[in-house]
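One-letter residues, chain by chain:
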Amino acid sequence: MTSSRPYLIRAIYEWVVDNAQTPYLLVDAEDENVQVPREYVQDGRIVLNVSPSAVAGLDLGNDYVSFSARFGGTPREILVPVHRVMAVYSRENGQGMMFAEEDEPEPPPPDGGEDGPAPEKPSGGARRPSLKVVK
C-alpha cells in the first residue's frame, strides 16, 4: 500500500488554510535530496511557511513537495521528498500533525523476477493494524 503521508499533508494543509491560518511544514533537511536554503537550517531541520501568500506554484505531490519562495528577498526553488516532511501545522495555534519516522517509504515488494518466486507470508495471519496518539 502507498504511504498515507502525502494525503495527510494535503488534508491538514487544506484544513489550516480553510481556517484562515498559516500552514507550516517542519522538514528534516539532513537528506541530500532536500533542496532548501541551507543557511536557514537549524539542528538539521527547517520550518517552511507554505501559505498561499508566501509561495508560488505549490505542488503537494505524492513524492515531493515543491514550490518557489523568497528567502531574504532572494527567490528560491524548494524541493522536499514527502518522507522528509516531519510535521504540518498551523503557526497560530500549533494544531496539525506530526509524522513518525516509521512512516518512511517501504521498499517495493519482491516481484518474483530472476531470483525466483516472492517469499510467502507467514501463515500466522495478518498483522493487526495499530494507531498512534499524535500530540
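Rules and cut-offs
- Residues numbered from 1 in each chain as written.
- Predicted model: local features only at pLDDT ≥ 70, side-chain atom pairs only at ≥ 80, totals over all residues.
- Heavy atoms only, no water.
- Pairing = 2+ DSSP bridges.
- Helix = DSSP H or I, 4+ residues; strand = E, 2+ residues; numbered from the N terminus.
- Axes fitted to C-alpha atoms, helices over the stretch in contact; angles between N-to-C directions.
- Phe/Tyr/Trp six-rings, centres within 6.5 Å; stacked < 30°, edge-to-face > 60°.
- Buried < 20%, exposed > 50% of the residue type's maximum accessible area, 1.4 Å probe, protein only.
- Lys NZ or Arg CZ within 6 Å of the ring centre and 35° of its normal.
- Core = buried A, V, L, I, M, F, W, Y, C linked by side-chain atoms within 4.5 Å.
- Contact = heavy atoms within 4.5 Å.

### Quick notes on the sheet that holds strand S1 (residues 23–28)
Sheet architecture is open: four strands sit in the order S2-S1-S6-S7, paired in antiparallel fashion. In this open sheet, the two strands that pair with only one neighbour each are strand S2 (45–49) and strand S7 (96–98). For this sheet, the mean inter-axis angle between neighbouring strands, taken without regard to orientation, is 20°. Pairing between strand S6 (residues 85–90) and S7: three bridges, direction antiparallel. Looking across to S7, one finds that Tyr 89 is bridged to Gly 96.

### Regarding the pairing of strand S5 (residues 74–81)
The side chains of a regular strand alternate, first on one face of the sheet and then on the other. As paired strands, strand S4 (residues 64–71) and S5 are joined by eight bridges and run antiparallel to one another. Considered in S5, the bridge of Ser 68 is made with Glu 77. The hairpin formed by S4 and S5 contains two residues between the paired strands, and Gly 72 there has a positive phi angle of roughly 60°.

### Section: the packing of aromatic side chains
Inspection of every chain in the model, using the stated rule, returns two aromatic pairs. Aromatic pair Tyr 24 and Tyr 89: ring centres 5.9 Å apart, planes at 75°, arrangement edge-to-face. With Tyr 24 in strand S1 and Tyr 89 in strand S6, this residue pair connects regions lying 65 residues apart in the sequence. Of the residues examined, Tyr 24 reaches a relative accessible area of 18% and is grouped as buried. It is Arg 10 that lies over the ring of Tyr 7; its NZ or CZ is 4.8 Å from the centre.

### Points about the sheet that holds strand S3 (residues 55–60)
Sheet architecture is open: three strands sit in the order S3-S4-S5, paired in antiparallel fashion. The outermost strands of the open sheet, each flanked by one partner alone, are S3 and S5. Adjacent strand axes in the sheet meet at a mean angle of 15° when their direction is disregarded. Bridge count between S3 and S4: four bridges; the pairing is antiparallel. Counterpart to Ala 56 in the pairing with S4 is Ser 68.

### Remarks on the nonpolar core
Counting 24 residues, the largest nonpolar core has Leu 25, Val 36, Leu 48, Val 65, Phe 67 and Val 80 as its most contacted members. Listing elements by their share of this core, those giving two or more residues are helix H1 (5–18), S1, S2, S3, S4, S5 and S6. In contact with Val 65, other than residues within four places in its own chain, are Leu 25, Leu 58, Asp 59, Leu 60, Ile 78, Leu 79, Val 80, Val 82 and Val 85.

### Brief notes about the side chain of Ser 51
Relative to the assigned elements, Ser 51 resides in the loop between S2 and S3. Here Ser 51 falls in the buried class, since its relative accessible area comes to 8%. The contacts of Ser 51, once residues within four sequence positions are left out, are Tyr 13, Thr 22 and Pro 23.

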